[in-house]
Amino acid sequence: AESLTPDGPDLPSASGLAGSRGTLKRRRMSAIDFAALLAEERAKARQVRTASEGGGGGGGGRDCATGSESGGQPGPGETAASATGTSARSTARSCAKAAAPAGRPTSGGAHTGSTGVDPADSAQWPPFGLPTRPRVDTARYVVGGDVASTVIYLPDFFSEEQGRSLLEQVHCSAAHDAWVQLKSRRLQLWQDTSTSTSTTTTARPAAGLPPWLDRVIDTLVDAGLFPDTSRPDHCLLNEYAADEGILPHTDGPRFHPRVATVSLGSSAVMSFRRALSTDEIGPDTATAPPAMSLILRPRSLVLFFGEAYTMLHSIEPGPHNTVPPPPGECGPGHEVGRLYGPCVNLDPAAAVAGETIARGPRVSLTFRREVAA
C-alpha cells in the first residue's frame, strides 16, 4: 500500500522545514526527530495564523465544514439533518473545488491552522452515505497469477457518484488541518485511537476516524475484504500531483498483512517486486526488477495479502505511464516491461498493452489494521 512509516522513503520537504534551517545545522542528521520538528513548525504557523486572523473581519463566506455562512447561521437546508439536501451537496462541492484547484488538489504546503474539528462529529463533514455492500467472491478477481496469487483487483468498486463524494470528504475544510506535505506527495493519516497504539508518525495525531471513513470501512468488512476480527483501524490518504509517484516500499510489520487501497482521480501503474536479501544488494542492485504491475483505475480497489504483502510496491513518477504487456509477452529486453513489470490485470482494467496513461492528480486511500502492541 502507499505507505508512511517512521523510516519510510519520504521525509518532509525542504520548503516545509524552511524555518528550521538553523535547528538542522545544529543537530546531527541521524538524530533529527522529524515528527517533533513538524509539530514545532505547525505550532509556529498556528501562532502566525492566529495573529493574522485575530482581527476577525472579512466578507461573508461559506464554511465548508459546517455548511453555514460566516455569520454562524446555517444556510437554507444545510443543517446536519439534511444529509441529502441539494444545498448541502452544493456546499460540499464548492468546498472541494476551493481546496482543489486544477493541476494539484491543493496549493502545496502543509496546512497548519486549527479548525477545532472533532473528526468523529458528523456535523463537521459533508453528507455521505454508502449502501450496504453484498459479499464479494474474491476468487473471481485474483490477478497476480503465478507471480503472487494474493492480489485481488476490483474494478469500479465505487460508483462515479460515490467517487465524487469521497473526494468531497478528502478536500473539505474539516480535513484542512490533517494535511502533511512530504517530498513527493502530501497525506492525511487517520486512525482509530481506541485500537491503534502507534505514537510515531509525522502525520496529525488523530482523535478518531471521521464518520465517512468509518462508513467506508463498514463497506470493506461487509464485502468480506476484511474479517470482522481484523477491521481496519488506520487509513493513510495520499494525494499526488500529476507527475508524482512513490518509491518501492512495503507496509512492514507494524500492520496485519492485509491491505486495501482505493484509487480516485487519475489512473496509474503500480509495480511489485520482491525484496532483496542483504547479500543480494550490490552497488548496481538496490532493488529487484519489477515482477508484475497493475493498472489502478479510478474508483478501483486493490487488496493484497500473504506473499504479495512482503513485496515492494511503487509508482513511477512522470507525466505519463505506459501500460506494459502481459506475462509471456514481456521478455527481459522489453523496455516497458523492464520498467514496470508485466501487467496482470489488462482485461479487468480495460487496458491495452502500449496504451499511454496521461497522469493527472490522484488520491489513494489505504486501509490497514495495526498489530496490537
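Chemist: What is the right way to read the overall build of the chain from this model?
Modeler: Per the secondary structure count, the chain includes 7 helices and 15 strands. Within the chain, contacts between residues separated by at least 24 positions form 78% of all contacts whose residues are at least 6 apart in sequence. Summing over all exposed atoms, the chain offers an accessible surface of approximately 16800 Å²; the carbon and sulfur share of this is 54%.

Chemist: Would you explain the pattern of salt bridges in this entry?
Modeler: Where side chains of opposite charge bring their charged atoms close, a pairing between them can arise. Under the definition given, this model contains 9 salt bridges. Its salt-bridge partner being Arg299, residue Asp156 comes within 3.2 Å of it at the nearest N-O pair. A residue pair is termed long-range when its members are at least 10 positions apart, and Asp156 in the loop between strand 3 (151-154) and helix 4 (160-171) and Arg299 in the loop between strand 10 (292-296) and strand 11 (301-305) qualify at 143 residues. It is possible to trace a salt-bridge network through shared partners that takes in Asp214, Arg215, Asp218 and Arg231.

Chemist: What am I meant to see in the sheet that holds strand 9 (residues 268-273) here?
Modeler: Strands belonging to one sheet form pairs held by backbone hydrogen bonds; the direction of such a pair is parallel or antiparallel. Sheet architecture is open: 4 strands sit in the order 7-12-9-10, paired in antiparallel fashion. Of all the strands in the sheet, the pair left with one neighbour each is strand 7 (246-249) and strand 10. Going from strand to strand, the sheet's axes swing by 20 degrees on average, the running direction of each strand aside. Where strand 7 meets strand 12 (residues 312-315), 2 bridges bridge the pair, whose relative direction is antiparallel. Counterpart to Ile246 in the pairing with strand 12 is Ile315.

Chemist: How should the packing of aromatic side chains be read in this particular structure?
Modeler: Geometry of an aromatic ring pair is reported as the spacing of the ring centres plus the angle between the planes. Under the definition given, this model contains 4 aromatic pairs. Here the aromatic rings of Phe128 and Trp212 are separated by 6.3 Å at their centres, their planes lie at 80 degrees, and the arrangement is edge-to-face. Note that Phe128 is positioned in the loop between helix 3 (86-99) and strand 3 and Trp212 in helix 5 (residues 211-222), a separation of 84 residues in sequence. Ring geometry for Phe157 and Phe158: centres 5.0 Å apart, planes at 90 degrees, overall edge-to-face. In this pair, the class of Phe157 matches that of Phe158, namely buried. If you follow Arg133 out to its NZ or CZ, it ends over the ring of Phe158, 5.9 Å from the centre.

Chemist: Whenever I open this one, helix 5 confuses me. Can you help?
Modeler: Structurally, the α-helix is built with 3.6 residues per turn, so residues lying three or four positions apart point the same way. Its 12 residues place the ends of helix 5 16 Å apart at the C-alpha level, agreeing with the 16 Å of an ideal helix rising 1.5 Å per residue. Restricting attention to buried positions, one finds in helix 5 the residues Trp212, Leu213, Arg215, Val216, Ile217, Thr219, Leu220 and Val221. Against helix 4, strand 5 (186-191), strand 6 (234-240), strand 11 and strand 15 (362-368) lie the buried residues of helix 5. Of the residues flanking the end of helix 5, it is Gly224, one or two places downstream, whose phi is positive at about 80 degrees.

Chemist: Sorry if this is basic, but what is going on with the nonpolar core here?
Modeler: When a protein is soluble and globular, its nonpolar side chains tend to lie buried together. Within the largest apolar cluster, 33 residues are counted, with the highest numbers of intra-cluster contacts made by Phe157, Trp212, Leu225, Leu301, Leu365 and Phe367. Within the residue set of this core, elements represented by two or more residues are strand 3, helix 4, helix 5, strand 6, strand 8 (258-265), strand 11 and strand 15. Residue contributions to this core peak at 6 residues, all from helix 5. Listed in part, the 30 residues of the second largest apolar core include Tyr240, Phe255, Met292 and Leu294.

Rules behind the numbers
- Residues numbered from 1 in each chain as written.
- Predicted model: local features only at pLDDT ≥ 70, side-chain atom pairs only at ≥ 80, totals over all residues.
- Heavy atoms only, no water.
- Helix = DSSP H or I, 4+ residues; strand = E, 2+ residues; numbered from the N terminus.
- Contact = heavy atoms within 4.5 Å.
- Areas by Shrake-Rupley, 256 points an atom, 1.4 Å probe, with all protein chains shown as cover.
- Salt bridge = Lys/Arg side-chain N within 4 Å of Asp/Glu carboxyl O.
- Pairing = 2+ DSSP bridges.
- Axes fitted to C-alpha atoms, helices over the stretch in contact; angles between N-to-C directions.
- Phe/Tyr/Trp six-rings, centres within 6.5 Å; stacked < 30°, edge-to-face > 60°.
- Buried < 20%, exposed > 50% of the residue type's maximum accessible area, 1.4 Å probe, protein only.
- Lys NZ or Arg CZ within 6 Å of the ring centre and 35° of its normal.
- Expected span 1.5 Å × (residues − 1).
- Core = buried A, V, L, I, M, F, W, Y, C linked by side-chain atoms within 4.5 Å.

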